[in-house]
Amino acid sequence: MAGGFPQGGDSGGRTADGVGIRTFPFPVERSVCGVGMQIAPMDPDRTWRADAPLDRVHRIDFHIVMLFDGGPLRHMIDFTEYEATAGDVLWIRPGQVHRFSRDAEYRGTVLAMQPGFLPRATVEATGLYRYDLPPLMRPGPARLAALRAASDQLRREYEDTETLPLGLHTAVLRHTLTAFLLRLAHLAAGSGDAARPAEDSAFTLFREAVERDFATNHSVTAYADTLGYSRRTLARVVRAAAGETPKAFIDRRVVLEAKRLLAHTDLPVGRVGAAVGFPDAANFSKFFQQHTDTAPAAFRAEHR
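Digging into the confidence of the model for the protein chain
Next up, step 1: Mean pLDDT over the protein chain: 87, with 87% of residues reaching 70 or higher.
Next up, step 2: Scored below 50 in pLDDT, residues 7-11 makes 14 contacts in the model with residues more than four places away or belonging to other chains.
Next up, step 3: Every residue in residues 193-198 scores below 50 in pLDDT, and together they form 6 contacts with partners more than four places removed in sequence or on other chains.

Structure follows, in structure tokens:
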């Protein structure tokens, strides 16, 4: 069974229409002092949550970082099975679809972070939303020791509610969490095929707007206008940060969500298309096949 992960409150997972992929919110009511993060050992006697079977696909709207002391185990994230063992780190970002291994014992330390807990400058510096980077990291001995030391310090600060007033306690947590994430981000960038230039605020704003609106807005011009940039400026920013055009970035996000819904829900193909901004089922099928070389129904059959 999976270990001492943050357990949600009574609100339960949410879906757009009751039949989609369940999304579990950050359980802030269970955090020490109600802060926007949690860190704890992964305890084999505790589960993710009673109403989220470990072998069922779901997603979360916050970050999870697992630093393993045991293994091997397999953990699925967005159509890829990752095998992790002692010393490995697995980083699951908000919105990613994932599934625990039912029979594996998750041992180590787990960190949960609520979006918005850290200031924008830290978000950009630590690459919190670098979805292009692999979730699984295998640090060498020196980096692993540094990560464990930073994790231990973060846990001590998190559990220490006696020596500082709440405002200072929260500020110290943010600084200590930033130090841990900077190490983690450096490790994650080194795990990618090619580390890309640091993202600037313009790309961060674009990426957040796409994540918020991709299901209803596929227009580069509309995003540029909303953000106050010209199409040319937006194209330059996205190319520098993501290595692709704004349109390709938007389309890739739409395709990923369509894949998630096709593979992990029973929504009819037409309703999947509508959920990602295509009211016409034929247009959705054409779009999906153009980007995947596979018809939606065939993709669903392949992943069932």
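Some words on the sheet that holds strand 8 (residues 97-99)
Next up, step 1: Strands sit in the order 1-3-8-5-6 across an open sheet of 5 strands; the sheet is mixed. In this open sheet, the two edge strands, each paired with only one partner strand, are strand 1 (23-24) and strand 6 (80-84).
Next up, step 2: Sheet analysis places strand 1 next to strand 3 (residues 58-60), joined by 2 bridges and oriented parallel. Bridge pairing in strand 3 links threonine 23 to arginine 59.

Brief notes about the packing of aromatic side chains
Next up, step 1: Counting across every chain of the model gives 13 aromatic pairs.
Next up, step 2: With a centroid separation of 6.2 Å and 50° between ring planes, the pair formed by phenylalanine 68 and tyrosine 106 is classed as tilted. Of this pair, phenylalanine 68 sits in strand 4 (residues 63-68) while tyrosine 106 sits in the loop between strand 8 and strand 9 (108-113); the two residues are 38 residues apart in sequence, bridging distant segments of the chain. The exposure classification of phenylalanine 68 matches that of tyrosine 106, with both residues buried.

Description of helix 4 (residues 201-213)
Next up, step 1: When the terminal C-alpha atoms of helix 4 are compared, their 18 Å separation across 13 residues agrees well with the 18 Å that a helix rising 1.5 Å per residue should span.
Next up, step 2: Every buried residue of helix 4 is accounted for by Ala202, Phe203, Thr204, Phe206, Arg207, Ala209 and Val210.
Next up, step 3: On its buried side, helix 4 packs onto helix 1 (120-126), helix 5 (220-227), helix 6 (231-242) and helix 7 (246-264).

Examining the packing of helix 4 against helix 6
Next up, step 1: With their axes 9 Å apart at the nearest point, helix 4 and helix 6 run at an angle of 90° to one another. Between helix 4 and helix 6, the angle is such that the two are roughly perpendicular. Contacts between helix 4 and helix 6 involve Ala202, Phe203 and Phe206 from the first element and Leu234, Val237, Val238, Ala241 and Ala242 from the second.
Next up, step 2: A breakdown of the residues in the contact of helix 4 with helix 6 according to their chemical character gives 8 nonpolar, no polar and no charged.

Things to note about the pattern of salt bridges
Next up, step 1: The full count for this structure, using the stated rule, is 17 salt bridges.
Next up, step 2: In this structure, arginine 74 engages glutamate 83 in a salt bridge whose closest nitrogen and oxygen atoms are separated by 3.2 Å.
Next up, step 3: Across the pair glutamate 257 and arginine 253 runs a salt bridge whose closest N-O atoms are separated by 3.1 Å. Here the residue glutamate 257 and the residue arginine 253 both occupy positions in helix 7, the gap between them amounting to 4 residues, near one helical turn.

So, unusual backbone geometry
Next up, step 1: Look at the link from glycine 71 to proline 72: it is a cis peptide, with omega at 5°.
Next up, step 2: Take proline 72: it is sitting in the loop between strand 4 and strand 5 (73-77).
Next up, step 3: In this structure, aspartate 78 is a non-glycine residue whose phi angle is positive, near 45°.
Next up, step 4: Looking at the secondary structure, you find aspartate 78 in the loop between strand 5 and strand 6.
Next up, step 5: Accessibility expressed as a relative area gives 14% for aspartate 78, which makes it buried.
Next up, step 6: A positive phi is found at aspartate 293, a non-glycine position, where the angle reads about 60°.
Next up, step 7: Mapping aspartate 293 onto the fold places it in the loop between helix 9 (281-292) and helix 10 (296-302).

Re the environment of proline 246
Next up, step 1: Tracing the backbone through its elements, the reader meets proline 246 in helix 7.
Next up, step 2: For proline 246 and alanine 235, which are 11 residues apart along the polypeptide, the C-alpha to C-alpha distance reads 5.9 Å.
Next up, step 3: Discounting residues that sit within four places of it in the chain, proline 246 has contacts with Phe206, Val220, Leu234, Ala235 and Val238.

What counts and how
- Residues numbered from 1 in each chain as written.
- Predicted model: local features only at pLDDT ≥ 70, side-chain atom pairs only at ≥ 80, totals over all residues.
- Heavy atoms only, no water.
- pLDDT = per-residue confidence, 0-100.
- Contact = heavy atoms within 4.5 Å.
- Pairing = 2+ DSSP bridges.
- Helix = DSSP H or I, 4+ residues; strand = E, 2+ residues; numbered from the N terminus.
- Phe/Tyr/Trp six-rings, centres within 6.5 Å; stacked < 30°, edge-to-face > 60°.
- Buried < 20%, exposed > 50% of the residue type's maximum accessible area, 1.4 Å probe, protein only.
- Expected span 1.5 Å × (residues − 1).
- Axes fitted to C-alpha atoms, helices over the stretch in contact; angles between N-to-C directions.
- Parallel < 35°, antiparallel > 145°, perpendicular 65-115°, else oblique.
- Nonpolar A, V, L, I, M, F, W, Y, C, P; charged D, E, K, R; others polar.
- Salt bridge = Lys/Arg side-chain N within 4 Å of Asp/Glu carboxyl O.

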